[in-house]
Amino acid sequence: MVRLIVVAGPPSTGKTTVIRRIIEHVRGTSKVAYLKVDVTCAFEDEELSAEFGIPTKKIYSGDLCPDHMGIMVIEDALGWAEDEGADILIYESAGLCLRCTPYITSSLGVCVLSSMAGTHAPLKMAPMIALADVAVVTKVDLVSQAEKEVFRENIREVSPGMDIVESNAVQGTGLRYLLKRVDELASIGEGEIVKLRGMPPLGVCTVCIGKTDIGWQNHFGVIRRLKDADNIYRGE
Amino acid sequence: MTADELTITVLPGTTKSGAKERFDRVDIRPGDTISIVGPTGSGKTALINDIEVFAQGDTVTGRRILVNGELPPESFVRDPSQKPIAMITQHTKCLADLSVRQFLDMHVRARKNAVPQIAEEAVALANRFTGEKVAGDDRMSSLSGGQTRSLLIADSVLISGAPILLLDEIENAGIYKDEVIKYLRGVNKAVLFVTHDPYISLLSDRRIVMRGGEVTQILVPGDSEKKALGIVAEADALLSGLRERIRSGETLKEAV
């Protein structure tokens, strides 16, 4: 059976670079398949296929939320990876919507964050972080010590037990703790039903269905008022 | 383990041809000043990167880094607030749009044991390292290269309390190099400079020479370079003086 690694994170944080380091680490012992979900355009599948000679696939979500798309197709992708004879499937999310939380049970959930995004970024991207197993913080060579420390504290604010790996992934430095988690990852069991780890905050709302009124009084379903404090998403 | 007892050891890696590097070990102790020299692309930055991440044969160089002769504790490697090493490069930046004081206060808050007055001391120390005055209400984003480097060094020493500093080519930034070295020695910090600057190189106790990705020599010149140091110090002072005059808009008509 296949081992599944889900890699999420905003654009330009270095998701694909982290994936390259994972592939380099495992390719002596495992066969990797790769799936990229994006909205209108992606090149990562072609790059990784050319670089490592591995089976890759991409799917565009078009007018659908890319994470919704991922949730739809990931089961099929596990079957595809198995047909390709792969031991590991790496699924890279589009990373365009910071509300995505595409992590699945019995997989390794990796959230890639750039320290260049500023110290508040972990709080702003809480859904993407909350249900991951590992947060990889990239480009740490470029920011001040103070900001590095505060960035880390803010990740802990979202997810107190998070395994945080700081890295300069281009040099490959600092990733040994992530690679250890990859080595420890077990396959999805035969016949095991995998599910989302939690409800992603993707709810179809009254705005989605075309209401243009403003003000919570004019909407129903998930509503928020200005005075409602602490709407931070922690994966509950 | 206190900072005064900390010894970092660099063990050799492999060269591009697969042979072992030609040195046994480099020990870095409190108060040491070491410069790393060699042509561009010779592996100087890779060497301090190895030290910064406590490489265990898992970087391109294959080097290993020990702490007091043993594998470093995981917290040293993983938690920036526990890490005994601070690295400052030409690229290290404060990204946040904060004042100097807010930036330092943010760091003091993150370090729960730091005392608030230390932020003021850090500004004062930064002003010992640079001639361009740094004020608490300056915006971080408006600081010059020299002011930023000075402040980040002061921050690493006073607020992080890092016993070991790795400084990557900071000499072009307009800081008082001898003042930085004198101060760090005085407070028993170890410092490694990646440098092309003759003055910094000669002020260091040891000089690691690199070529083609490997350490080729470790020089301990002792007093043998004393004469050269005197000449270089004069030349450096001369150039610094000229730099200031050119900066201030002077034409250097008379012979210097």
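Residues numbered from 1 in each chain as written. Chains lettered and ligands numbered in written order. Predicted model: local features only at pLDDT ≥ 70, side-chain atom pairs only at ≥ 80, totals over all residues. Heavy atoms only, no water.

### Quick word on the overall build of chain B
The helix and strand inventory of chain B stands at eight helices and nine strands. Against the globule reference of 18 Å for 256 residues, chain B gives a C-alpha radius of gyration of 19 Å, in line with a compact fold. For chain B, the spread of C-alpha atoms along the principal axes amounts to about 55 × 50 × 30 Å. Residue pairs at least 24 apart in sequence account for 65% of intrachain contacts in chain B once pairs closer than 6 positions are excluded. Carbon and sulfur atoms make up 52% of the accessible area of chain B, which totals about 11900 Å². (Helix = DSSP H or I, 4+ residues; strand = E, 2+ residues; numbered from the N terminus. Rg over C-alpha atoms; globule rule 2.2 N^0.38 Å. Contact = heavy atoms within 4.5 Å. Areas by Shrake-Rupley, 256 points an atom, 1.4 Å probe, with all protein chains shown as cover.)

### Some remarks on helix α6 (residues 177-186) of chain B
All names here are of chain B. For α6, every residue scored as buried is listed here: K177, V180, I181, Y183 and L184. Buried residues in α6, looked at end-on, bunch into an arc of 165°, giving them a common side. For α6, the exposed residues lying more than 90 degrees away from the buried face are K182 and G186. Looking at the residues trailing α6, positive phi occurs at N188, about 65°. (Buried < 20%, exposed > 50% of the residue type's maximum accessible area, 1.4 Å probe, protein only. Arc of directions from axis to C-beta.)

### A few points about the sheet that holds strand β3 (residues 33-37) of chain B
All names here are of chain B. Read from one edge to the other, the open sheet built from six strands follows the order β5-β6-β7-β3-β8-β9, with strand pairing classed as mixed. Sheet topology places β5 (85-88) and β9 (214-219) at the edges, where each strand pairs with a single neighbour. Sheet twist, expressed as the mean angle between neighbouring strand axes with direction ignored, is 20°. The pairing of strand β8 (residues 206-211) with β9 spans five bridges and is antiparallel. Along β9, the bridge assignment pairs R211 with E214. (Pairing = 2+ DSSP bridges. Axes fitted to C-alpha atoms, helices over the stretch in contact; angles between N-to-C directions.)

### Section: the interface of chain B and chain A
With 30 residues of chain B at the contact, the number on the chain A side is 23 residues. With both sides pooled, the region where chain B packs onto chain A buries about 2300 Å², and carbon together with sulfur makes up 53% of that total. On the chain B side of the contact with chain A, R78, P80 and L95 of chain B bury the most area, a combined 30% of that side's loss. Seen at the junction of chain B and chain A, the total is four salt bridges. Here E149 of chain A and R111 of chain B are joined by a salt bridge, their closest N and O atoms 2.7 Å apart. Those elements that provide at least two residues to the side of chain B that touches chain A are α1 (44-52), α2 (74-78), α3 (100-110) and α5 (145-160) of chain B. With four residues, α3 of chain B is the largest single contributor of residues to the side of chain B that touches chain A. Across the side of chain B that touches chain A, the residue classes tally to twelve nonpolar, nine polar and nine charged. (Buried area = accessible area lost by both parts, 1.4 Å probe. Salt bridge = Lys/Arg side-chain N within 4 Å of Asp/Glu carboxyl O. Nonpolar A, V, L, I, M, F, W, Y, C, P; charged D, E, K, R; others polar.)

### With respect to the domain arrangement of chain B
Residue and element names in this part refer to chain B. The domain architecture assigned to chain B consists of domain 1 (3-220) and domain 2 (224-256). Taking only C-alpha atoms into account, the centre of domain 1 sits 27 Å from that of domain 2. Contact with domain 1, which involves seven residues of that partner, is made by six residues of domain 2. Each partner contributes to the roughly 620 Å² buried at the junction of domain 1 and domain 2, and carbon and sulfur atoms together form 62% of this total. For domain 1, the biggest contributors to the area lost against domain 2 are Y199, L202 and R207; these three give 69% of the whole. Counting across the domain 1 and domain 2 interface gives two salt bridges. The partner of D236 in a salt bridge is K177, and the shortest N-O contact between them spans 3.1 Å. The interface formed by domain 1 and domain 2 holds two residue pairs in polar contact (both at pLDDT 80 or more) in total. Per-element tally for the side of domain 1 that touches domain 2: the top contributor is helix α7 (residues 198-203), with four residues. Across the side of domain 1 that touches domain 2, the residue classes tally to four nonpolar, no polar and three charged. (Domains from an automatic or database assignment. Polar contact = N/O pair within 3.5 Å; in protein donor to acceptor, adjacent residues only side chain to side chain.)

### What to know about the packing of aromatic side chains
One pass over the full model with this rule turns up two aromatic pairs over all chains. Here F129 of chain B and Y183 of chain B contribute two aromatic rings whose centre-to-centre distance is 5.7 Å and whose plane-to-plane angle is 70°, an arrangement assigned as edge-to-face. Of the two residues, F129 of chain B is situated in helix α4 (residues 118-129) and Y183 of chain B in helix α6; the sequence distance between them amounts to 54 residues. The exposure classification of F129 of chain B matches that of Y183 of chain B, with both residues buried. Over the ring of Y177 of chain A we find R78 of chain B; its NZ or CZ atom is 4.1 Å from the centre of that ring. (Phe/Tyr/Trp six-rings, centres within 6.5 Å; stacked < 30°, edge-to-face > 60°. Lys NZ or Arg CZ within 6 Å of the ring centre and 35° of its normal.)

### Considering the environment of T216 of chain B
Residues and elements named next belong to chain B. Checked against the element boundaries, T216 lands in strand β9. Among the residues examined, T216 registers a relative accessible area of 25% and is labelled partly exposed. For T216 and R22, which are 194 residues apart along the polypeptide, the C-alpha to C-alpha distance reads 6.4 Å. Those residues in contact with T216 that sit more than four places away from it in its chain are R22, V209, M210 and R211.

### Comments concerning the sheet that holds strand β5 (residues 107-114) of chain A
All names here are of chain A. Pairing is parallel in the open sheet, where seven strands are placed in the order β3-β2-β4-β1-β5-β6-β7. Strands with a single pairing partner mark the edges of an open sheet, and in this sheet they are β3 (56-60) and β7 (163-166). Strand-to-strand twist across the sheet, computed as the mean angle between neighbouring axes with direction ignored, equals 20°. In this fold helix α6 (residues 145-158) packs onto β5, β6 (134-138) and β7, with an angle of close to 155° to the strand it touches most, β7.

### Some details on the pairing of β3 of chain A
Residues and elements named next belong to chain A. Sheet analysis places strand β2 (residues 32-38) next to β3, joined by five bridges and oriented parallel. For V37, the partnering residue across the bridge sits in β3 and is I59. Between the parallel elements β2 and β3, the chain passes through helix α2 (residues 44-52) in a crossover that is right-handed. (Right-handed = clockwise from strand over helix to strand, strands pointing away.)

### Brief notes about the side chain of H107 of chain B
Examined against the element boundaries, H107 of chain B turns out to sit in helix α3. Engagement of the side chain of H107 of chain B in a polar contact is seen with the side chain of D155 of chain B, the distance being 2.6 Å.

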